[in-house]
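# A structural walkthrough
Single-letter residue listing:
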Amino acid sequence: MQIETNPLKGRTALITGCGSETGIGFATANLLSSRGTRVAITSTTNRINKRQAAIDPSGQRVRAYVADLTDRPQVESLIERVMADFGYLDILVNNAGMAKLGDAEISAEMASLSPADWDKAIDRNLNTCFNVTRCVLPGMIDRNYGRIVNVASVTGPMVSNPGEASYGAAKAAMVGMSRALAIEVAGYGITVNNVAPGWIGTGSSTEQEKIAAKNTPMRRAGRPDEVAGLIAFLASDEATYITGQMVVIDGGNTIQEYKGPRKYYY
């Protein structure tokens, strides 16, 4: 009997939040496609077509879709289009969130955070995950197979920063939601896991974030392709007995008590 050495070959995946060429979503789409997975990628703008062309100019293995995932009718339409094009989905990577083109991430301390901005942050960082997962689940249940990987964060479930109440609440809730869902669907051959990145270097990294990354034990930011590698593992059949978990990928930052410049500590 021939043993399959590529556990992602022949699978079909939907990856949200792929608009940025320097982001985790695009890196994950690139990696999964290179391993033989057919991939549907989404973004809120037409720039997603450039990401698709960069990975697969032929459009045979990778297809692009524009949708606002905070809008439930748009999500339903998106999944209908993806199913019409691909037939089924084995893998869902919920990466959308934080910020979108032309609309920066919300950062405000609780006393000055408006209810509208709170709702927007929860919508963008939690409800997008719920909306897409809810629409994809019935097909996975029918096929008795599925891999759901949610991109959470260390911010919320483990640590936080001033001005991050809404974002942290959303990411912590994502992990809690995932654990409940993992129990509900385990009997259908579906796993649900979270990756929790720390400081990852992307095109949207601020100067403050770049400085913080240099004070991790590894003294650098993580790369999107490193996060993509973890996502690919959890989305594969090499992780069949892992579910309901949150896997931290932060260069050891959350395990160190002192996070300032080393010259002040040693």
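Below or above, wherever it landed, is the structure these notes cover.

### Here we look at the packing of helix H3 (residues 72-86) against helix H4 (residues 115-143)
Where H3 contacts H4, the axes come no closer than 10 Å and their chain directions differ by 40°. The orientation of H3 relative to H4 falls into the category oblique. Every pair of crossing elements has a handedness; the one defined by H3 and H4 is right-handed. Taking contact as the criterion, the partners of Arg72, Val75, Glu76 and Ile79 in H3 are, on H4, Asn127, Phe130, Asn131, Val132, Arg134, Cys135 and Val136. Considered class by class, the residues forming the contact of H3 with H4 number six nonpolar, two polar and three charged.

### Points about the state of the cysteines
Summed over all chains, the structure comprises zero disulfides. Counting only cysteine sulfurs, Cys135 is the nearest neighbor of Cys129, a cysteine outside any disulfide, at a range of 12 Å. On the basis of relative accessible area, Cys129 is assigned to the buried category, the value being 2%.

### Description of unusual backbone geometry
Within the chain, Asn144 stands out as a residue other than glycine whose phi angle is a positive 55°. Relative to the elements of secondary structure, Asn144 occurs in the loop between H4 and strand S5 (146-151). Of the residues examined, Asn144 reaches a relative accessible area of 45% and is grouped as partly exposed. For Arg219, which is not a glycine, the phi torsion comes out positive at approximately 60°.

### Some thoughts on the pairing of strand S1 (residues 12-15)
Successive side chains on a regular strand alternate, one facing one side of the sheet and the next facing the other. Here S1 shows two buried faces, one formed by Thr12 and Leu14 and the other by Ala13 and Ile15. For S1 and strand S2 (residues 38-43), the ladder comprises four bridges, and the chain directions are parallel. Of the residues in S2, the one forming a bridge with Ala13 is Val39. After leaving S1, the chain enters helix H1 (residues 24-34) and then returns to the sheet as S2, a path that is right-handed.

### With respect to the nonpolar core
Counting residues in each nonpolar core, the largest one holds 29 residues, and the members touching the most others are Ile15, Leu32, Val39, Ile41, Val195 and Ile231. Contributing elements (two or more residues each) for this core: S1, H1, S2, helix H2 (48-55), strand S4 (91-94), S5 and helix H7 (224-234). One finds Leu14, Phe86, Val136 and Val185 within the second-largest nonpolar core, a separate group that totals 24 residues.

### So, the side chain of Ser178
Checked against the element boundaries, Ser178 lands in helix H5 (residues 165-185). Within polar-contact distance, the side chain of Ser178 engages the backbone oxygen of Met174 at 2.7 Å. Sequence-distant contacts of Ser178, that is, excluding residues within four places in its chain, are made with Asn150, Val192 and Asn194.

### Observations concerning the sheet that holds S1
Spatially, the seven strands line up as an open sheet ordered S3-S2-S1-S4-S5-S6-S7, and their pairing is parallel. In this open sheet, the two edge strands, each paired with only one partner strand, are strand S3 (62-66) and strand S7 (246-249). Within the sheet, the average angular offset between the axes of one strand and its neighbour, ignoring direction, is 20°. Relative to S3, S2 runs parallel, the two being bridged by five bridges. In the sheet register, Thr42 faces S3, and the bridge partner there is Tyr65. Together, S4, S5, strand S6 (190-197) and S7 form the strand contacts of H7, whose direction differs from that of S6 by roughly 165°.

Analysis parameters
Counting restarts for each chain: residues are numbered from 1 in the order of the written sequence. Selection of residues for local features in this predicted model requires a pLDDT of at least 70, selection of side-chain atom pairs for listing and counting requires 80 or more, and totals for whole chains, interfaces and linings are taken over all residues. As a convention, hydrogens and water are excluded, and side-chain values are obtained from all of the structure's heavy atoms. Each axis is a line fitted through C-alpha atoms, and for a helix only the stretch in contact is used; angles between axes span 0 to 180 degrees, taken between their N-to-C directions. Per the convention used, a helix needs a DSSP run of H or I reaching at least four residues, while a strand needs a run of E reaching at least two, with both numbered from the N terminus. By definition in this entry, angles of less than 35 degrees are roughly parallel, angles greater than 145 are roughly antiparallel, angles of 65 to 115 are roughly perpendicular, and the rest are oblique. Crossings are assigned a handedness: left-handed for a near helix turned anticlockwise from the far helix by less than a right angle, right-handed for a clockwise turn. In this description, contact between two residues means that some pair of their heavy atoms is separated by no more than 4.5 Å. Following the grouping adopted for this structure description, the nonpolar residues are Ala, Val, Leu, Ile, Met, Phe, Trp, Tyr, Cys and Pro, the charged ones are Asp, Glu, Lys and Arg, and the polar ones are all others, Gly among them. Note on disulfides: each one is a pair of cysteine sulfur atoms within 2.5 Å. With a 1.4 Å probe rolled over the protein chains alone, any residue whose accessible area is under 20% of its type maximum counts as buried; one over 50% counts as exposed, and the rest are partly exposed. Two strands qualify as a pair provided that DSSP identifies no fewer than 2 bridges between them. A crossover counts as right-handed when, viewed with the strands pointing away from the observer, the path leading from the first strand over the helix to the second turns clockwise. By nonpolar core we mean a set of buried residues, namely Ala, Val, Leu, Ile, Met, Phe, Trp, Tyr and Cys, connected to one another through side-chain atoms within 4.5 Å. Contacts described as polar in this section are N or O atom pairs within 3.5 Å, which, within protein, must combine one atom able to donate a hydrogen with one able to accept it, while residues neighboring in sequence count only if both atoms come from side chains.

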